[in-house]
There are 2 protein chains.
Amino acid sequence: MAYDTRNVFAKILRGDATAHVVYEDDHSVAFMDIMPQVEGHTLVVPRAAAEDLFDIQPDSLAHLIRATQYVARGVKKAFDAHGVMIAQLSGAAAGQTVFHLHFHILPRNHGIEFKLHAREPADAALLAAHAARVRAALT
Amino acid sequence: MAYDTRNVFAKILRGDATAHVVYEDDHSVAFMDIMPQVEGHTLVVPRAAAEDLFDIQPDSLAHLIRATQYVARGVKKAFDAHGVMIAQLSGAAAGQTVFHLHFHILPRNHGIEFKLHAREPADAALLAAHAARVRAALT
């Protein structure tokens, strides 16, 4: 499988598509998932073109997990979450739908299930507000 | 929350409990989950005492994700998996049950659901055989 540059995360990284960005550095970019499985669902992607976990250099992966930890701290704070789930799906059989490597950050609270299957787009204004909360929590 | 050294992964790291180890290095150890959600379910833990994602130094986390990527490649090969899910649960609200940081490696195949809730211990001989398959795949 060759990396397909037409995927939406590649477009976001090129500036050809918009996203509610909460963090970026030389190696990684984090933004709100537009089809959140739970409020505050955030994604962290490498700038490097990598399809999945098996397609990225270990050094780039190390940068990515550092960014994920950093952003997850902000997401947890912004959404007063009791816990956080990190998920990385490699391959369609694992549930991957966008073929640019990404870590999911899912705030979790006691008694609130997340939607594993039912995914629907969230309101853009709501996502913008959520992104602002995460950015504020990170500063 | 202070790290509790009585957790079972701390016991495994100290040699006070056994595990079906598939990989180890100076920073990380990987072994079969004894209550697998799917065949081949493997865990990767840091040697450092860290309760969750928010309790580990970024450098140690970087080592851990490198080991996770390495072991995931072996797990995918050993179980002929179409895909792999990586999960990290921080906090009881996220489903964490052992309070030593760990990454789950879950081989995924088309049409096979994994058990998100129903967890039951697997046969030790079966786990030993699975561990041998992963070790063989890594060499």
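To be clear, the structure that these remarks concern was listed above.
Analysis parameters
- Residues numbered from 1 in each chain as written.
- Chains lettered and ligands numbered in written order.
- Predicted model: local features only at pLDDT ≥ 70, side-chain atom pairs only at ≥ 80, totals over all residues.
- Heavy atoms only, no water.
- Helix = DSSP H or I, 4+ residues; strand = E, 2+ residues; numbered from the N terminus.
- Buried < 20%, exposed > 50% of the residue type's maximum accessible area, 1.4 Å probe, protein only.
- Contact = heavy atoms within 4.5 Å.
- Areas by Shrake-Rupley, 256 points an atom, 1.4 Å probe, with all protein chains shown as cover.
- Lys, Arg positive; Asp, Glu negative; His and termini not counted.
- Charge placed at Lys NZ, Arg CZ, Asp CG, Glu CD.
- Least-squares fit on C-alpha atoms with pLDDT ≥ 70 in both.
- Pairing = 2+ DSSP bridges.
- Core = buried A, V, L, I, M, F, W, Y, C linked by side-chain atoms within 4.5 Å.

(A) How the structure looks around the overall build of chain A. Across its full length, chain A carries three helices and five strands. Secondary structure elements of chain A, listed N to C terminal, follow the sequence α-β-β-β-α-β-β-α. Viewed in the frame of its principal axes, chain A has a C-alpha envelope of about 40 × 35 × 25 Å. The proportion of buried residues among the 139 residues of chain A is 51%. Within chain A, residue pairs in contact and separated by at least 24 positions form 64% of the contacts whose partners lie at least 6 positions apart. Total accessible area computed for chain A in this model is approximately 6,400 Å², and 54% of it derives from carbon and sulfur atoms. Taking the 13 positively charged and 15 negatively charged side chains of chain A as two groups, their mean positions are separated by 5 Å.

(B) Fine view of the relation of the copies chain B and chain A. The transformation that overlays chain B on chain A combines an axial shift of 0.0 Å with a rotation of 180 degrees, and the residual RMSD is 0.0 Å. What we have between these two chains is a two-fold relation. Most of the interface of chain B is mirrored in chain A, where 100% of its interface residues again form contacts.

(C) Focus on the pairing of strand β4 (residues 83-90) of chain A. All names here are of chain A. Of all eight residues in β4, eight are buried, a share of seventy percent or more. What you see with β4 is no split at all: G83, M85, A87 and L89 on one side and V84, I86, Q88 and S90 on the other are buried throughout. Alignment of β4 against strand β5 (residues 103-108), held across five bridges, turns out to be antiparallel. Paired with I86 across the strands is I105, a residue of β5.

(D) Quick look at the nonpolar core. Residues I105 and V134 of chain A together with V22, I105 and V134 of chain B are the most contacted members of the largest nonpolar core, which totals 55 residues. Excluding anything up to four places from it in sequence, V134 of chain B contacts V22, M32, G74, V75, A78 and F79 of chain B. Core analysis: the second largest hydrophobic core is formed by 12 residues, M85, L89, A94 and L106 of chain A among them.

(E) Representation of the side chain of T68 of chain A within the structure. Among the secondary structure elements, T68 of chain A is positioned in helix α2 (residues 58-78). Setting aside residues no more than four positions away along its own chain, T68 of chain A makes contact with V44, I86, F103 and I105 of chain A.

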